[in-house]
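So you can see what is in the structure, the chains are spelled out below.
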Amino acid sequence: MVKKTLLWTALATTFAALTNNVLADDSNVITLDQANFDKEVMKEDLMLVEFYAPWCGHCKALAPEYETAATTLKEEVKLGKVDCTANQDLCQEYEVRGYPTLKVFRNGETSEYKGTRKADGIISYMQKQAAPAVLDLNADNFEKFKESDRVVVVAYTSPSDDKSKDAVKGVADKLRDDYFFGLVTDEALAKEHGVKKFPTVVIYKQFDQELDGGRSEWTDSLENGEKVQEFIKTNSVPLLDEISASNFGSYAEAGLPLAYIFADSQEMADPLIEAVKPIAQKYKGKINFVHIDAKKYGPHAGNVGLKEEWPAFAIQHIDTGAKYPFDQSAEITTKNIEKFVDDYVAGKIEPTLKSEDIPATNDGAVKVVVAKQFSELVLDKSKDTFLEVYAPWCGHCKRLAPIWEELGEAVQKQGLSDKVVIAKMDGTENDVPAEAGFTVSGFPTLKFFKAETNELLDYNGGRSLEDLVEFINENGSNDVKISLAKEAEESKEEQEDAGHDEL
C-alpha cells in the first residue's frame, strides 16, 4: 500500500511538472530556478526577475500584470520569475526579504526595480532601462519619440557643444529610471520646434495642454546638473492630478509639499478642482496639488491632520511629515484656499501636531515623551537621550519593553540620570515634530541624540540589554559608562536578602 501511494505521488509530481512546463511554454515569462538561473539571466544585457511565493496575495495580483508586460516586451526585454519556496538558496543569495521582490539584471549586475506593479508601469520602466540613456533624434524619429511616454525630455544643443552633451548625459544617467531623454543637434529641427537658443531642455508632456501647451523649457546653463534634475522632476507632474499608490513615488521624488483635495466622488471633486486650479498655477514649482479618492484612501486623512469628513483640504511635507490641515468647517473656495496657502507659504501657519497630554508625573526609569514636550525632553543638550518610538500593538515593541525598562533602571540606579535619558514615545498617538530630524517608517524606531550637539544616531543593532548598553557606552557624549556587572551584583544581593527570614 505504501509503495502504491509513493507511486501515485511520483506520478502526480511528474504530471504537475509537465503541466507547468506546458503553461510556461504558453507564457512569455521565463520560469527560473537554481539550475537554469545563471544560464538564462547572466547572458542577458537586461532582464527583469520577479522573486515570489505561490501563496502570496500580492504576487497573485501581480501575475496577470507581469504576464501582460512580458508579452508586450518580449521583443525588447525578457521577464523571468523565481518561486522562492522551491529555490530558497537562490532567493537568499539575492537577499529577497519579502514577496514579490523585483530586480533588474544588467549583464549580471543587479539593482532594485523602482516602478509600479501595473503592466503599463513595468513596460514603461523597462523600456527606459533598455533605451540608451540619451537617444539621438532627427526629423525621422522625433515625433515617435515625443509620443513614446507620458513625459519625455529633449535637450537641444549645437553640434559642437560637447560640454552640454556631457551634462545632458549625466542628468539622463541619474534619471533614466523615470524619463526618456533625447538629443537634438540639428538647428533646423530645433527651430521647427520653437527652440530659439542653445542649449535648451524641453519637457514634453501628454497633459496640461491648456496650461502651457504640454511643454516646459529650461534655457539656463546645464552645468548645475542638480538644478536641471530638480526642474525636470518639478515640471513632469500635472498641475492638479489624481494621486494614488501608482504615482505617489513621482510626487515624493519631486520633493515638494503636497496639497491634497479629498473628495469621495468625481461629482464632488470636479468643482473643487476647478476652484483650486488657480492656486495650483500660482504656486507651480513650489507646491504640488493633487486630488485623492477619499473612498479608497480615506484613512490617509489622519496622516495629514484631518477627520474622515469630506470634502477636505490639507498640505503635507513628505520629507518630515509636517501637516497643515485646512479648517474642515470652512468651505473650499478659491478665495478661502488662496488665503490659506498664502499664509502657509508666508510661514503664518504652524503645523498641526498630534500629541497626548503631558503626563502629570514622569518619574519612572523610562521617561514618557509626548509630541508637545519632545524638544524639552529629547533635545535637552545637557544630556544624551536614547528614544524608542513604539506602537502598543507591535510584537517587537512588546518584546523590547522589559529590556528597555531594565536599561532605564540601570541608568537610574547607577546615578547616571543627569547624563543620559532613556525615553519612549507612543508613535500611534504622537507625531514626530519636524525639529526631531527623522520620520518613523516602522516600529520600534530607536534614535540616540548626543548631548551638546543633538547629533542624531540611528540604532540598528541587537535588542539585548548588553547590545544597548554597549551602544550607549561607545556613543555617549557625557562619558557615560553603564556597568552590567554592578547590576548583576545588586540583583544577586537583592535575591539573597529576599531569602533571609526576619526575626
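This text follows the structure it describes.
Worth saying up front: this structure is predicted, and the values here are computed from it rather than measured. (Residues numbered from 1 in each chain as written. Predicted model: local features only at pLDDT ≥ 70, side-chain atom pairs only at ≥ 80, totals over all residues. Heavy atoms only, no water.)

Now for the packing of aromatic side chains. Geometrically, a pair of aromatic rings is defined through the distance of the ring centres and the angle of the planes. With the rule as written, the count across this model stands at 26 aromatic pairs. Between F37 and Y94, the ring centres sit 5.3 Å apart and the planes meet at 40°, which makes this aromatic pair tilted. Residue F37 is found in helix α2 (residues 37-41), and its partner Y94 is found in the loop between α4 (88-93) and β4 (101-106); the two are separated by 57 residues along the sequence. Considering the side-chain rings of F313 and F340, the 6.1 Å spacing of their centres and the 85° angle between planes classify their relative orientation as edge-to-face. On the criterion of sequence distance, the pair formed by F313 in strand β14 (residues 312-316) and F340 in helix α15 (residues 334-345) is long-range, its members being 27 residues apart. Neither residue differs from the other here; F313 and F340 are each classed as buried. (Phe/Tyr/Trp six-rings, centres within 6.5 Å; stacked < 30°, edge-to-face > 60°. Helix = DSSP H or I, 4+ residues; strand = E, 2+ residues; numbered from the N terminus. Buried < 20%, exposed > 50% of the residue type's maximum accessible area, 1.4 Å probe, protein only.)

Bringing helix α5 (residues 119-130) into the picture now. In this model α5 runs 16 Å from its N-terminal to its C-terminal C-alpha over 12 residues, within 8% of the 16 Å that 1.5 Å per residue would give. Burial within α5 is extensive, with 9 of its 12 residues counted as buried. When α5 is considered as a whole, its buried residues turn out to be A119, G121, I122, I123, S124, Y125, M126, K128 and Q129. Contacts from the buried residues of α5 go to β2 (47-52), α3 (57-73), β3 (78-83), β4, β5 (109-112) and β8 (180-184). (Expected span 1.5 Å × (residues − 1). Contact = heavy atoms within 4.5 Å.)

Moving on, we come to helix α17 (residues 395-413). Helix length check: α17, at 19 residues, gives a terminal C-alpha distance of 28 Å against a target of 27 Å (1.5 Å per residue), a fit within 8%. Helix geometry: α17 is bent most strongly at A401, by close to 35°, with proline P402 lying one to four residues after it. Listed as buried for α17 are C397, L400, W404, L407, G408, A410 and V411. At the exit of α17 stands G415, carrying a positive phi of roughly 65°. (Bend = angle between axes of the 7 residues up to and from the residue.)

Attention now moves to the sheet that holds strand β11 (residues 240-242). An order of β11-β13-β12-β14-β15 is seen for the 5 strands of this open sheet, with the pairing classed as mixed. Strands with a single pairing partner mark the edges of an open sheet, and in this sheet they are β11 and β15 (323-325). Going from strand to strand, the sheet's axes swing by 25° on average, the running direction of each strand aside. Inspection of the sheet shows strand β12 (residues 258-263) paired to β14 by 5 bridges, in the antiparallel sense. (Pairing = 2+ DSSP bridges. Axes fitted to C-alpha atoms, helices over the stretch in contact; angles between N-to-C directions.)

All right, on to the sheet that holds β5 then. The 5 strands are arranged β1-β3-β2-β4-β5 in an open sheet whose pairing can be described as mixed. Each edge of the open sheet carries a strand with a single partner, namely β1 (29-32) and β5. Going from strand to strand, the sheet's axes swing by 30° on average, the running direction of each strand aside. Across 4 bridges, the pairing between β1 and β3 is parallel. Looking at the pairing, T31 lines up with K81 of β3. Of the strands in this sheet, β1, β2, β3 and β4 touch α3, which is tilted by about 165° from β2. Its contacts with the sheet put α5 on β2, β3, β4 and β5, and the angle it makes with β4 is roughly 20°.

Backbone phi values are negative for most residues with the exception of glycine, while trans is the configuration of most peptide bonds. The linkage connecting Y99 with the following residue, P100, adopts the cis geometry, with an omega of -10°. In the segment running from W310 into P311, the intervening peptide bond is cis, with an omega of 0°. Here P311 shows up in the loop between α14 (300-303) and β14. Phi at N454 is positive, roughly 60°, even though this residue is not glycine. Within the secondary structure, N454 is located in the loop between β19 (445-449) and β20 (456-458). With relative accessibility at 19%, the residue N454 sits in the buried group.

This is a description of form; function is not addressed.
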